[in-house]
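Reading the structure
As a plain string of letters, each chain reads:
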Amino acid sequence: MNLNATMLGQAISFVIFVWLCMKYVWPPLTALIEQRQREIADGLIHTENAAKELDIAKANGAKVLEDAKKSASELVEQGNKRRAQIIEDAHAEGEKEKARLVAQGQAELESERNRIRQELRAEMSDMVIETAQKLINRNLDTDANRDLVNKLITEM
């Protein structure tokens, strides 16, 4: 009987052990397993959400990059147009300045011509008067000499 009693004792001990495990050990283990399953499921959901957000971010990034390229292209085009306009304005301004300088030079040239003409007329008048004085001194006919001097002055 000893063997049966020992086996029975072992069976009872095993049943008590199983009952104790089921009563005190199993519920916390089950709770831990369920909590870990929830964490894994939440992690998987977060991973899926992160993957979706990553796809959305990639799409948005591509759109932002495309918009930035388009904006940069527009800025370059505006810069080229502005550069062309500045060159055109500078060319027009240069032409105006050139015309102004040419006109100023022509005016100065004409002024110088007139001044030289006046000097020559004055010099010529002095020579005519000097010649007239010599003639008058040689000829006493002053009326004829005056007519001659007046004629010479009017011809100049």
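Report on the accompanying structure. (Residues numbered from 1 in each chain as written. Predicted model: local features only at pLDDT ≥ 70, side-chain atom pairs only at ≥ 80, totals over all residues. Heavy atoms only, no water.)

Points about the overall build of the protein
- When you go through the protein residue by residue, the secondary structure sums to 2 helices and 0 strands.
- When each of the 156 residues of the protein is scored for burial, the buried share is 3%.
- Counting every atom, the protein has about 13,900 Å² of accessible surface; 61% of that belongs to carbon and sulfur. (Helix = DSSP H or I, 4+ residues; strand = E, 2+ residues; numbered from the N terminus. Buried < 20%, exposed > 50% of the residue type's maximum accessible area, 1.4 Å probe, protein only. Areas by Shrake-Rupley, 256 points an atom, 1.4 Å probe, with all protein chains shown as cover.)

Overview of the pattern of salt bridges
- This model, assessed by the stated rule, comprises 7 salt bridges.
- In this structure, the salt-bridge partner of Arg-115 is Glu-112, at a minimum N-O distance of 2.1 Å. Residue Arg-115 and its partner Glu-112 are both found in helix H1 (residues 2–138); the two are separated by 3 residues, about one turn of the helix.
- Among the ionic pairs, Glu-119 bridges to Arg-115, the shortest N-O distance being 2.2 Å. Of the two residues, Glu-119 and Arg-115 both sit in helix H1, 4 residues apart, roughly one turn of that helix.
- Salt bridges sharing partners connect three or more residues here, namely Glu-112, Arg-115 and Glu-119. (Salt bridge = Lys/Arg side-chain N within 4 Å of Asp/Glu carboxyl O.)

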